[in-house]
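Observations on the model geometry
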Amino acid sequence: MNDDRTAADLIGRRTQQRATVLTALIHSDDFASAQSLHARLVAAGKRVGLSTVYRTLTALAEAGRADMVRDPSGERLFRYRPSEQHQHYLLCRTCGLGQPVDATLIESWAAQITDASGYADVQHTVELTGTCPDCTRVRHTTHTDNTT
């Protein structure tokens, strides 16, 4: 894919609604579900349908311009990817905070499996979840307060 193609070129038919979804995702601080992004847009007075949000986020993920992870309930969460470089995240199961991680070993392992198997066009999904330091502290403090 050409590096000079923008994310807007990759989301299918260009409409104002899709551009609005893309802009909202770009300005999101962290991963967002389609429902939460839609709710933010509606609260801001934007007229965008939930199905448009879903379609746009899915198109961005398929084009490699959005990272997608699943929360503990299985809901898909999206984060804008400014370049085509694939990224992995460690996702907090409590608050949803996503932190990029160095995935050199994962990428190397996937490449070795691809080479050894003879498969082509191999894709992979790695889900790393845990509890972030802030949520761990809160849980520990709450647990300690409840036992005294």
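A short note on the sheet that holds strand β6 (residues 128–130)
Across the sheet, which stays open at both edges, the three strands sit in the order β5-β4-β6 with mixed pairing between neighbours. Two strands bound the open sheet, and with one partner strand each, they are β5 (98–101) and β6. With direction set aside, neighbouring strand axes in the sheet form an average angle of 30°. Relative to β6, strand β4 (residues 88–92) runs parallel, the two sharing three bridges. What sits directly across from C92, in β6, is G130.

What to know about the confidence of the model for the protein chain
For the protein chain, mean pLDDT is 85; residues scoring 70 or higher make up 87% of the total. When the elements of the protein chain are averaged for pLDDT, helix α5 (residues 133–147) gives the smallest value, 77, and helix α2 (residues 34–43) the largest, 96. Predicted confidence for residues 1–5 stays below pLDDT 50, and this span has seven contacts to residues more than four positions away or in other chains.

Conventions we followed
Position numbers for residues start from 1 in each chain and track the written sequence from start to end. In keeping with the model being predicted, local features are shown solely for residues with a pLDDT of at least 70 and side-chain atom pairs are shown and tallied solely at 80 or more, while totals for entire chains, interfaces and linings include all residues. The side-chain figures draw on all heavy atoms in the structure; neither hydrogens nor water molecules are used. Only strands that DSSP links by at least two bridges are regarded as paired with each other. A run of H or I in DSSP becomes a helix once it reaches four residues, and a run of E becomes a strand once it reaches two; helices and strands are each numbered from the N terminus. All axes are obtained by fitting lines to C-alpha atoms, using only the stretch in contact for helices, and the reported angles, taken between N-to-C directions, cover 0 to 180 degrees. pLDDT measures how confident the predictor is about each residue, on a scale from 0 to 100. Any pair of residues with heavy atoms lying within 4.5 Å of one another is described as a contacting pair.

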